Amino acid sequence: MAVPLLETRNLSIRFGGLVAVSRVDLSLAAGETLCIIGPNGAGKSTLFNLISGIYRQSSGTVRLDGRDITGWPAHRIAAAGIARTFQSSRLFGDLTLVDNVVIGMHCRTRTGVIDALLRPRRARAEFEAAAERAGELLRLVSPGLYERRHTLAGTLPQADRRRLEIARALASDPKIIMLDEPSSGMDDRDTDALIEDIRLTMAERPGLAYIIIEHDMRLVAALPERVVVIDYGEKIAEGHFSEVRLMPRVQEAYLGQKAAHA
Amino acid sequence: MMAEPPRIALSARHTSAADVAVVAAAELGGALLLGLFLLADDSRFIVALLVLLGAGFAALQIRPAIEERIVAAFRNARFTALGLGSAIVLAYPFAMQGSSYALHLLVVAQLYAVLALALNFQLGSANIPNFATGASYGIGAYTSALLAIDFGVSFWLTLPIAAVVATAFGFLLGFPSMRTRETYLALVTIAFGIVVHQLLNNFDWTGGPNGLVGIPAPTILGHSFAAPIELFGARLPSQANFYYLAAALVALAIVSARRLHDSRVGLAWNALRADELAARCQGINVVWYKMLAFAVDAFLAAFAGSVYAAYVSYISPDNFTFLVSVTIMTMVIVGGMDNTLGVILGAFLLTLLPEKLRIFADYRLLFVSVVVILFLILRPQGLFPQRPRSYGGR
């Protein structure tokens, strides 16, 4: 088999005595969608923070396209092609939607201080082109966002914040997008609409791989092909959702002991 | 939600007579207010002018549409605004009735405007508290003065050298600062400012506490800046030379601020101001951009320092104390973070007020503290708050 797009080996992190993520092996091919599920506090978000370089691993390796990116700082990992969203959305609230998406293009644009000061025409051209592309991305993710592209991100409702975060992540032309609980804090109707938008975005870019942390079972059932279950920082199961959900160990961990025995 | 109708007016690109009228009224009104303020002697009259200014801002606070209208007019009639503004700045010394004091105040206010714009890159754009702008100002002034006195280097050549030296120090300060954040970062910059002040005070070659005396005035095409200007039959005091030099520096600072703000760099600074972690995940090298902010701040502050040294011809460590840095910071907070015009207005207000109302001068620190507290309560975004960027189509 070809080299996987993303591969983690034995990835672990300890905070003092607590092992938050323990020897997790993941593998993701280009264009694939992987869902990570598990109970609260299982270490799913910590795993994202490890892969995106916010935390430094205690041991293990992360490879992207065969290249070892273990321990790289977050901004280099973003430039290498791993974009992400956050569970409690972290937008730049006092900037406009366009600004937010243009910032997402940071590692695909070049202007530095000297260029901005001494070659204003070139800097301006790059900036306007970025804004134009940002508009297109916003329209792709949701026409409603495009309409409001010059308003401040802080004024958006929850579902649109998620969409904007996805647009911002797309802006960096990533190879992988990691979505941390896209449906958190949203009701069923908003979640359904979001699933639809994510699906459209996926169809638009077939080569792009996704890793999604999710709690909402409908979203899990609707989107991904493959599911990894994490509990107490360890990978306890992997496979198609319809198979994984029947495993007793998964039911115990995820749905609680009672459900497993019911 | 924001009212949408004004946007239709914005999209109309042609300049209307109404726009020109609004621009002219705003610029001439502002110039008139400043002129009355500068030439006034009676403190009751000065207080009345301040009340008028306060009423103006209260009106802006209550009716944001007024501000929108003015901003739209300036955007539509950009060239009129620029032309009229330049004409006012060029002609202003002639309206000062030969008062060298009024011109002196204008020079100092403009230098502070440059310093405040320099700090705005950090405090306004990136929210990095830097209490060392006064130190960069001092490094620029001393470098320029020492080069001129000890080596006879021309003022015009010392300008860029001083800026480079101060920028190097800015990087030097930025480097250790990156290991700290927020409050602790503020403490590091305070320490840097005090170290610079102490070094200037204790080295022999900086003249110690006595400072440097006899800094030569610049000359241009044989005209010394210490001599009065004779033009069109009018005679302007020698301060007018530095008025024009400082005005050019302000223009340079405004252009730099504009270009950086509306660029990838300005956006990156705004991003790390809003959410540093999210900024890192967008590929922004936070450490590098923070150091850049320190460097740009020091670069511009050094320019102001060089001009100041040549202007007063005598500098001592006490010109560049912690208090100077605090004052510059207040100007940015009062004027409006990340708003060029606001920051300049803040600098003018806080330079001129203590000079014109002597009662404030005796309680300078108290005055500054009260102003900051009042602003943080009443108008935390400053006189002119940050505005959303405008892109080509708008």
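None of these values were measured; they are calculated from a predicted model.

1. Some remarks on the overall build of chain B
(1) Moving on: Of regular secondary structure, chain B possesses 17 helices and 6 strands.
(2) Moving on: Whereas a compact globule of 394 residues would reach a radius of gyration of roughly 21 Å, chain B reaches 21 Å, a difference of no more than 12%.
(3) Moving on: Overall size of chain B, expressed as C-alpha extent along the three principal axes, is 65 × 60 × 40 Å.
(4) Moving on: Across the 394 residues that make up chain B, the buried fraction comes to 44%.

2. Things to note about the overall build of chain A
(1) Moving on: Along the backbone of chain A there are 12 helices and 10 strands.
(2) Moving on: Scaling as 2.2 N^0.38, a compact globule of 262 residues should have a C-alpha radius of gyration of about 18 Å, and chain A matches this with 19 Å.
(3) Moving on: When the backbone C-alpha atoms are referred to their principal axes, chain A occupies close to 65 × 40 × 40 Å.
(4) Moving on: Expressed as a percentage of its 262 residues, the buried residues of chain A come to 46%.
(5) Moving on: Long-range pairs, those at least 24 residues apart, make up 68% of the contacts in chain A between residues at least 6 apart in sequence.

3. Quick notes on the packing of helix H2 (residues 17-39) of chain B against helix H3 (residues 43-62) of chain B
Residue and element names in this part refer to chain B.
(1) Moving on: The interhelical angle for the contact between H2 and H3, taken along N-to-C directions, is 155°, at an axis separation of 9 Å. Taken as axis vectors, H2 and H3 run roughly antiparallel relative to one another. Handedness of the H2/H3 crossing: left-handed. Contacts between H2 and H3 pair Leu 33, Leu 36 and Phe 37 from the former with Ile 46, Leu 49 and Leu 53 from the latter.
(2) Moving on: Per-class residue counts for the contact of H2 with H3 are 6 nonpolar, no polar and no charged.

4. Re unusual backbone geometry
All names here are of chain B.
(1) Moving on: The phi torsion at Asn 127 lies on the positive side, around 55°, for a residue other than glycine.
(2) Moving on: Note that Asn 127 resides in the loop between helix H6 (100-126) and helix H7 (133-151).
(3) Moving on: A positive phi angle is found at Asp 338, which is not glycine, with a value near 65°.
(4) Moving on: Secondary-structure assignment places Asp 338 in the loop between helix H14 (322-335) and helix H15 (340-356).

5. So, the interface of chain B and chain A
(1) Moving on: Across the contact, 29 residues belong to chain B and 36 residues belong to chain A.
(2) Moving on: Going through the elements one at a time, helix H10 (239-261), helix H11 (264-274), helix H12 (276-281) and helix H13 (286-312) of chain B are the ones with two or more residues in the side of chain B that touches chain A.
(3) Moving on: With 7 residues, H11(B) is the largest single contributor of residues to the side of chain B that touches chain A.
(4) Moving on: Residue composition of the side of chain B that touches chain A, by class: 15 nonpolar, 7 polar and 7 charged.

6. Things to note about the pairing of strand S4 (residues 59-64) of chain A
Residues and elements named next belong to chain A.
(1) Moving on: Of the strand pairs in this sheet, strand S1 (residues 6-15) and S4 are connected by 5 bridges, and their pairing is antiparallel. Looking at S4, one finds that Thr 8 is bridged to Val 62.
(2) Moving on: For S4 and strand S5 (residues 67-68), the ladder comprises 2 bridges, and the chain directions are antiparallel. Bridge pairing links Leu 64 to Arg 67 in S5.
(3) Moving on: Connecting S4 to the antiparallel partner S5 that follows it, the hairpin turn spans 2 residues, and Asp 65 within it adopts a positive phi of roughly 55°.

7. Details of the domain arrangement of chain B
The parts lose accessible area when they come together, and the size of an interface is often stated as this lost area.
(1) Moving on: For chain B, the assigned domains read domain 1 (16-97) and domain 2 (99-368).
(2) Moving on: When the residues that make up the side of domain 1 of chain B that touches domain 2 of chain B are grouped by side-chain class, the tally is 8 nonpolar, 2 polar and no charged.

8. Comments concerning the sheet that holds strand S2 (residues 18-28) of chain A
By way of backbone hydrogen bonds, the strands of a sheet pair with one another, either parallel or antiparallel.
Residue and element names in this part refer to chain A.
(1) Moving on: Across the sheet, 4 strands lie side by side as S2-S1-S4-S5; this open sheet has antiparallel pairing. Each edge of the open sheet carries a strand with a single partner, namely S2 and S5.
(2) Moving on: In the packing of helix H1 (residues 44-51) onto the sheet, contacts are made with S1, S2 and S4, and the angle to S2 comes to roughly 65°.

9. Section: the pairing of strand S8 (residues 209-213) of chain A
All names here are of chain A.
(1) Moving on: With 5 of 5 residues buried, S8 lies mostly within the body of the structure.
(2) Moving on: Side chains Ala 209, Ile 211 and Ile 213 project from S8 onto one buried face, and the interleaved Tyr 210 and Ile 212 project onto a second face that is buried too.
(3) Moving on: Relative to S8, strand S3 (residues 33-37) runs parallel, the two being bridged by 4 bridges. In the sheet register, Leu 34 faces S8, and the bridge partner there is Ile 211.
(4) Moving on: Examined bridge by bridge, strand S7 (residues 176-180) and S8 share 5 bridges and lie parallel to one another. Paired with Met 178 across the two strands is Ile 211, which belongs to S8.
(5) Moving on: Taken together, S7, helix H8 (residues 188-204) and S8 form a β-α-β motif whose crossover is right-handed.

10. Some details on the nonpolar core
All names here are of chain B.
(1) Moving on: Counting residues in hydrophobic clusters, the biggest one holds 183 residues, and the most contacted among them are Val 114, Leu 115, Ala 116, Ala 304 and Val 307.
(2) Moving on: Per-element tally for this core: the top contributor is H6, with 19 residues.
(3) Moving on: The residues that make up this core include at least three from each of domain 1 (16-97) and domain 2 (99-368).
(4) Moving on: Discounting chain neighbours no more than four positions away, the residues touching Val 307 are Leu 111, Phe 242, Leu 245, Ala 246 and Leu 249.
(5) Moving on: Counting 5 residues, the second largest nonpolar core, distinct from the first, contains Val 23, Ala 73, Ala 77 and Ala 81.

11. Focus on the environment of B:Leu103
All names here are of chain B.
(1) Moving on: Position of Leu 103 among the secondary structure elements: in helix H6.
(2) Moving on: For the pair Leu 103 and Ala 240, spaced 137 residues apart in sequence, the C-alpha to C-alpha distance is 6.5 Å.
(3) Moving on: Those residues in contact with Leu 103, other than ones at most four positions away along the chain, are Pro 93, Met 96, Pro 237, Gln 239, Ala 240 and Tyr 243.

12. Describing the sheet that holds strand S9 (residues 226-231) of chain A
Residues and elements named next belong to chain A.
(1) Moving on: Read from one edge of the open sheet, 6 strands run S6-S7-S8-S3-S9-S10, paired in mixed fashion. Either end of the sheet is taken by a strand with one partner, and the two such strands are strand S6 (82-84) and strand S10 (234-239). The average angle at which neighbouring strand axes cross in this sheet is 20°, direction not considered.

13. So, H7(B)
Residue and element names in this part refer to chain B.
(1) Moving on: Its 19 residues give H7 an end-to-end C-alpha distance of 26 Å, which sits within 8% of 27 Å, the value for a rise of 1.5 Å per residue.
(2) Moving on: Counting buried residues along H7, 14 of its 19 residues qualify, which places the element largely inside the surrounding structure.
(3) Moving on: A positive phi of about 60° marks Gly 152, the residue just after H7.

14. Thoughts on the environment of A:Arg163
All names here are of chain A.
(1) Moving on: Here Arg 163 is to be found in helix H7 (residues 158-170).
(2) Moving on: The buried category is assigned to Arg 163, around which 25 C-beta atoms lie within 10 Å.
(3) Moving on: Each C-alpha atom, one on Arg 163 and one on Ser 89, is 10.0 Å from the other, the two residues being 74 residues apart in sequence.
(4) Moving on: Discounting residues that sit within four places of it in the chain, Arg 163 has contacts with Val 141, Ser 142, Leu 145 and Asp 197.

15. Observations concerning the environment of A:Ser58
Residue and element names in this part refer to chain A.
(1) Moving on: Mapped onto the secondary structure, Ser 58 falls in the loop between H1 and S4.
(2) Moving on: The class of Ser 58 is partly exposed, set by 15 C-beta atoms lying within 10 Å.
(3) Moving on: When the C-alpha atoms of Ser 58 and Ile 13 are compared, they prove to be 4.6 Å apart, with 45 residues separating the residues in sequence.
(4) Moving on: Apart from the residues within four sequence positions on either side, Ser 58 is in contact with Ser 12, Ile 13 and Arg 14.

Analysis parameters
- Residues numbered from 1 in each chain as written.
- Chains lettered and ligands numbered in written order.
- Predicted model: local features only at pLDDT ≥ 70, side-chain atom pairs only at ≥ 80, totals over all residues.
- Helix = DSSP H or I, 4+ residues; strand = E, 2+ residues; numbered from the N terminus.
- Rg over C-alpha atoms; globule rule 2.2 N^0.38 Å.
- Buried ≥ 20, exposed ≤ 12 C-beta atoms within 10 Å, placed from the backbone.
- Contact = placed C-beta atoms within 7 Å.
- Axes fitted to C-alpha atoms, helices over the stretch in contact; angles between N-to-C directions.
- Parallel < 35°, antiparallel > 145°, perpendicular 65-115°, else oblique.
- Left-handed = near helix turned anticlockwise from the far one by under 90°.
- Nonpolar A, V, L, I, M, F, W, Y, C, P; charged D, E, K, R; others polar.
- Pairing = 2+ DSSP bridges.
- Domains from an automatic or database assignment.
- Right-handed = clockwise from strand over helix to strand, strands pointing away.
- Core = buried A, V, L, I, M, F, W, Y, C linked by C-beta atoms within 7 Å.
- Expected span 1.5 Å × (residues − 1).

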